[in-house]
Amino acid sequence: MNRHADFNLEQVVEAALRPLAPSGRRFWALAAVLGVVVGSALVAYVVQFTSGLGAAGYNDQVFWGIYEANLVAFIGVSYGGALVSAILRLTQAKWRAPITRLAEAMAVFSLLVGMVFALIHLGRPERFWLLIANPQISSPLVWDFVAIMTYLLATLIFLYLPLIPDLATLRDRLAARGGWMFRLYSLLALEWHDLPAQRRLLNRATMLVAILIIPIAVVVHSVLSWAFAVTSRPGWHSTIFAPYFVVAALFSGVAMVILVVAGFRKGYRLEQYIQLKHFQYLGYLLVTLDLMYLYFTFTEMLTEGYAGVEDVMPILDALLIGQYAPLFWFFVLGAGVLPIVLVALPRTRTINGIVIGSALVVSGMWLKRILIVVPAVAHPLIAGAWGSFQVTWVSAALTIGGAAAIPLLLMLFFKFFPILAIDEMAEVAAEAAAEHAAAPQPSLALGEGGVVR
Amino acid sequence: MRRLSLRVVSLVLVSVLAALLGAGTVLAQEKPQEKVPDAATSLKIGTAPRLDSKGKPAKGQMLLTATLTTADGKGVNSRQVGFYQQVELLGSREMDLGKGTTDSSGTATLIYQPAEAGAQTIKVYFSGGSGLASAQASSTIQVTDAHSAFETEALLLSPVVQWMPVAVGVLVLVLWAILHGVFVVTVIGVRAAAVKAPEASLQPATAPATTARR
């Protein structure tokens, strides 16, 4: 006999709209803390703007450092969110429904934060105008700009389209009350009434964007890697960089999805809808990507080390046994090996264990981006001593502020929009109900003497 | 007594003579020698076309000449002259173009391959020595035929390289068009479907609290 669980749509709607209700002290306290951190970042930026990039630890020799690593890290994290939602949607994975909204929103906001670091690292932000007014087509930075803007457009559309039915739900709930929120939702809901023609159009559009966003994100991270790989600088000039960056983006992105989902699940008491299985499935995906990334790292080290190219060996030495070795091995063990162990062992394959593993991945992958950028730049191209990059309070504040901005933006976003994809969850439940109805039920025929056969 | 006096007087006379001789020697040595002033020299800058082996002007090259003469107009030979160009590179600087040695007529020649056309300030210096005073001169020349020293041969892939930005640009535009198209078509289509639908079908999007079994 099959076991069944009741799926009450009204409860789903209530849970999805829980953040829209007036928030308690904990919400405002957390928002205030995050706001202060982001505010500190703004102060730090003013100091940097007036004093120059030297205030952030940059110097003539080490001209790329923490901001470039942040740019790659945050945009990379964005890809994970988009991919989790897109691939699960394309494969019609039923467990996707409670997490897609969080993943899609995280993709947008982490991308926006990453783009801000592109301006921060310029030093003189008005130079950004030259990218538009006088673009050098042969420059990978122009390719970056075009690719990232395309990706931003795709993620915004990918976030908005599945939101339309949920916006209609909000519109209908506020119809009696009216007000500016009602008008906003009415405008954004586009006269949605779940008509068959509307449903067909929306499904096709969502699937098309889900298909497109995957190669777009691959191209974005490949182009990001080419800003390093097409230079002749030892340590950067590597053919493996494009797939390396793509896998890194997926790896850190899936980990970030796990962290975001865990945080909002706890904050808004969504345990009924976001369950252990969601974390376990994401954990399996995380481990797969972890192994891929370790493989790419090993391959890169092996090919560079075996050939023993004179220019590259000092950088390899510095990473493996030199001044950057502690950071590198922390990344390998902390972000590479430990998450695999945490997910692999049944005892630690819990929500807490997977969240801890994900936190290690996010921090370790950020560190790895630093190790990609800084050692290659610090290594002298001609004679001379190694340069050094010192993290200052300015660069630290901006980095932490950027990291804090993502949950803050998500919290503010979900004050206006449902945190769960209501329509998607209803659709998945309806499909499950239809499957159950179509499945042959065991017959309870009564035989002679009233015995069940 | 008398012998002693004579000896003393002799000794004194000898001492005086020695002192006089020494003083004279010292005075003779300390007497400054008369210095012969360096002969004044002057430099004059000129230009001339450089001819190739067939006697035709070489493309993008010219001759810079510097004529070193003494005050009486005689050319000074076998002297090294330095040629410089006044440039603006992190401030006003003199870029070393090369050195030439003067011939019997006092003319030093340098083959000059200017990187850009237009007015250029050329300076020449003679450091002097061997009885000749130093000299320098400055002149503005007009370069009409410049030839980059870094011209490379066209690569085999040149057509690909030339058209690649166009191809990528078209691809990007197509992608943007698709994304915008999907968005616009969806927005218009959803609204249009609502307009066409009968009034009765425009129910609230959320169904009443239903229970679906899974």
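Residues numbered from 1 in each chain as written. Chains lettered and ligands numbered in written order. Predicted model: local features only at pLDDT ≥ 70, side-chain atom pairs only at ≥ 80, totals over all residues. Heavy atoms only, no water.

Caption draft 1: Local environment of the sheet that holds strand β3 (residues 80-88) of chain B. Residues and elements named next belong to chain B. Reading across the sheet, the 4 strands line up as β4-β3-β6-β7 and stay open at both edges, with antiparallel pairing between neighbours. A single partner strand is all that each edge strand has here, and the edge strands are β4 (92-101) and β7 (135-143). Strand after strand, the sheet turns through a mean of 25° between neighbouring axes, direction not considered. Relative to β4, β3 runs antiparallel, the two sharing 9 bridges. Paired with valine 81 across the strands is glycine 100, a residue of β4. (Pairing = 2+ DSSP bridges. Helix = DSSP H or I, 4+ residues; strand = E, 2+ residues; numbered from the N terminus. Axes fitted to C-alpha atoms, helices over the stretch in contact; angles between N-to-C directions.)

Caption draft 2: Spotlight on the side chain of glutamine 48 of chain A. Looking at the element boundaries, glutamine 48 of chain A is found in helix α2 (residues 25-51). Residue contacts for glutamine 48 of chain A: discarding those within four places in its chain leaves Leu53, Ala55, Ala56, Tyr67, Ile120, Val394 and Leu398 of chain A. (Contact = heavy atoms within 4.5 Å.)

Caption draft 3: Local environment of the confidence of the model for chain B. Residues and elements named next belong to chain B. Across chain B, the average pLDDT comes to 80, with 79% of residues at 70 or higher. This stretch, residues 206-214, has a pLDDT under 50; its non-local contacts, to residues over four places away or in other chains, come to 25 contacts. Interface predicted TM-score (ipTM) for the complex: 0.81; the corresponding pTM is 0.73. (pLDDT = per-residue confidence, 0-100.)

Caption draft 4: Inspection of unusual backbone geometry at higher detail. Here the phi dihedral of leucine 190 of chain A falls at roughly 55°; this positive angle occurs in a residue that is not glycine. With respect to the element layout, leucine 190 of chain A can be found in the loop between α8 (180-189) and α9 (196-229). A positive phi angle, close to 55°, is found at serine 78 of chain B, a residue other than glycine. Relative to the elements of secondary structure, serine 78 of chain B occurs in the loop between β2 (57-70) and β3. Of the residues examined, serine 78 of chain B reaches a relative accessible area of 51% and is grouped as exposed. (Buried < 20%, exposed > 50% of the residue type's maximum accessible area, 1.4 Å probe, protein only.)

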